[in-house]
Structures are given as C-alpha cells and as structure tokens.
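Examination of the molecular architecture
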Amino acid sequence: MQIASPGGRRLDHAALAAKKLALETGRTVTRKELSAAAMDAERALDLRAAQRQVLSALAACWGEQEWERLLVWPSNDYLMSRTGLTERAIRRIIEELNKLGLVIPKDSANKKRFAIRDMAGEIIDAYGFDLTPIYVRRGEWAAILAEQKVMREIRKRTYDEVTVARRATEETLNALASHFPEHRDRSDIKDQYSKLLSRTPKRSTAELPVGLLQDWQDLRILAEETYYQAGDAGPKDHHKETNYEFPSEACYKRSPKKAEAAPPNEGSVQHLQPTLIIEACPTISDFGRPIRDTTDIVAAGRYLRASLGAHESAWAEAVEEIGTVRAAIAVIYTLQLYEDDVAKNGGESRIKNPGGYFRALTRMVKAGKIDLAVELLAMRRRRMA
C-alpha cells in the first residue's frame, strides 16, 4: 500500500515526522486500542473539547483492517453529524491535529475521501486520514501523563504546605490579639499576612508564585517567635519544659481555691486550633481518628485520659476548673510530655505519676501559671527543629 502525496496541502514539520512512524510488523490494532490511545493523547496534549470530539470521531471510524497504516475516510458531513460542529470548524481542527502530528491527511487527486477496492470488492487502500501516529506514540503519551501526575502531586503538596503555614500564622495572630493586643510587632505581622494572602491563588491547577511557600513559612516562624517572646517576657512563673518531675504537694497548696478563680471562658481557646495541637503532640494519633475540630480534640482527650492512668474524677475536675476543651488539651499535652521524656531517657520517665501530673497541670492552668498556647507553641518549635 503506497501513501499518496499530500497534493497542494501546506507541509508541516510535525506531519512529516509523523509519517516516519510505523506499526510493528504484523500488528493488528483494534478500535478499542486506538480509541484508548486517542484518549491518552487528548489528556497528554490537553486538547480543547472540540479537538477531542473530532479526534474521537476519527478513531471510532477505524475498521480494524490488517493494514500497515491506520486509515479512515469519513466525510465532513459524517463528522459534522457526530460532533455537532460546522464544516469550517472541522477543517480547522483537522489542520490543528495535523500540526500536532496526530492525524496525517492522505489526499486523493480531487481531495475526496474514499476507499479503494480490488476486483473482488475488497477494500485494499483508502484516501482520507492516517491515524497511525496516535497509536505508535502511545508510549510518549504514557510518559507525559506520568509526568503530569507527578507535577500534580508536587503542586498539591505545595498547596498543602502553604495552607498549613497560613493557618498556623492565623492561629498565632489570633493568640497575639487575645493575649498581647498591644504588642508592637503584631500590626507588622498582620500586614505581611494580608499581603501574602492577596498573592496566594485559590487551590487549583494554577502554579504557585515562585517563593510564596518560603514566604509563608518565614512569616509563620516570625509570628510564632513573636508570640513566644511576648509570652516569655511576661510572668516568670510559667511552667518550664525542663521540669518533668511530678508536682509536689506544695504545688497543690499554692493553687488558688475555687472561690478565688472562676472557670475560664471556653471561647478563649479559639487560638488553640487542631493544627497546632497535631503538630506539637503527635501522640494524638493514638486516638485513631482524624482531628478536624475542637469536637475531635475533646473526644481524643476523653479517650487518651485512660492512657495517663488518670481517674475519671480527674477529668471531671479538669472540665469544671478549666473547661472541656482545655481539659482535653491538657490530657494530650501531658501524655506527649511523658512519651517525650521516655524517649529521651532510654525508656524511663521522670514523670512517675502522669495522672497526678495531669491534676496538678489543670490547677496551674486555672491559676494562670501555665499558658497552654505558649507551651504548645514551644513544643511544636522544638519538634520542628
């Protein structure tokens, strides 16, 4: 079977290169295989909807002949009926597919498309379109699609990291506004936050601006360090991480009586968001369920309370003294302190009674001697370092 000259059609480098592609010797391509290759080409080259319609219609015309080339010869009227496009649009799209090296026009002398039959009426050749490049280049389509998948995963992870840094910065700004509203650096950080927010596109297929992720991470570190320094410059009786010993009886005696300190407002824990707690206390994964909001935090605290060996009365006391959310966070924080100390000291912890430590921690939080937000930020910073 000889391929006719393209006649007066304008030559294109991609089309000439496509002509050099050939099927394996003795290879018979089914219509299903050709259609699958066409779909891969559509996705790999990100073809427009109209281009996809025409390419799919052409592939569906393949008659599975045992030929050296994959030739089809549909009329423009047929393609119009299959795609709903105008004849002018079809001609333009076929020219575009030719330039992409997907379809090679095989023109007759009068540029009509038709089959050539032998004396017995068998089709032996045809004038129309050669779809061989679509199938032969299927390895190229697979490679492009694999690369696109990798790029999508990278883009998704980058967006995720931006989201984590943005939320952490927002949480820290809320904590600064709640605890240190007059801090001199808060307005500057808030301005930087607003500028970065305006530069951040909504999650989509769009690429993130160069350097945006690093800018968010730098701002997060700045905000957390500002909050930490502001808290560290405050009352000097904050709980120190280096004290892992079980609180002595004197701690209980120094704790104020119930009449001297009202239970804190649950609304003031808004800055203690799940992201901060998850990153600071990975032991929360022992809960075995996703942590999405404060309801999940409370459920995790109730569940992990038994891991401390704390009695139910300790939980009830904590809920009454510092509120349900803070009680749950205190459980998670105490358990993380205990596990970190075990890992640090070769399997032994200086916290000999985690349940009792939890009771004492509850009373110190109520007395204002410990700020859970400050402690969690410090714990997360050490973990990230």
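See the structure above.
Residues numbered from 1 in each chain as written. Predicted model: local features only at pLDDT ≥ 70, side-chain atom pairs only at ≥ 80, totals over all residues. Heavy atoms only, no water.

Its 13 residues give helix H15 (residues 354-366) an end-to-end C-alpha distance of 18 Å, which sits within 8% of 18 Å, the value for a rise of 1.5 Å per residue. When you tally the buried positions in H15, you get eleven out of 13 residues, the bulk of the element. The complete set of buried residues in H15 reads Pro354, Gly355, Gly356, Tyr357, Phe358, Ala360, Leu361, Thr362, Met364, Val365 and Lys366. Gly368 sits one or two residues past H15 and shows a positive phi near 85°. (Helix = DSSP H or I, 4+ residues; strand = E, 2+ residues; numbered from the N terminus. Expected span 1.5 Å × (residues − 1). Buried < 20%, exposed > 50% of the residue type's maximum accessible area, 1.4 Å probe, protein only.)

This brings us to the pairing of strand S3 (residues 114-117). Pairing of S3 with strand S4 (residues 123-130), which is carried by four bridges, proceeds in the antiparallel orientation. Residue pairing across strands places Arg117 opposite Ile123, the latter belonging to S4. (Pairing = 2+ DSSP bridges.)

A word on the pattern of salt bridges. Summed over all chains, the structure comprises 21 salt bridges. Notably, a salt bridge pairs Glu96 with Arg48, separated by 3.1 Å at the nearest N-O pair. Here the residue Glu96 occupies a position in helix H5 (residues 87-99), and Arg48 occupies one in the loop between helix H2 (31-44) and helix H3 (49-60), the gap between them amounting to 48 residues. Judged by its relative accessible area of 22%, Glu96 is partly exposed. Residue Asp340 is joined to Arg383 by a salt bridge in which the shortest nitrogen-to-oxygen separation is 2.9 Å. Placement of Asp340 in helix H14 (residues 324-344) and of Arg383 in helix H16 (residues 372-384) is noted, with a sequence separation of 43 residues between them. Overall, Asp340 belongs to the partly exposed group, its relative accessible area being 24%. (Salt bridge = Lys/Arg side-chain N within 4 Å of Asp/Glu carboxyl O.)

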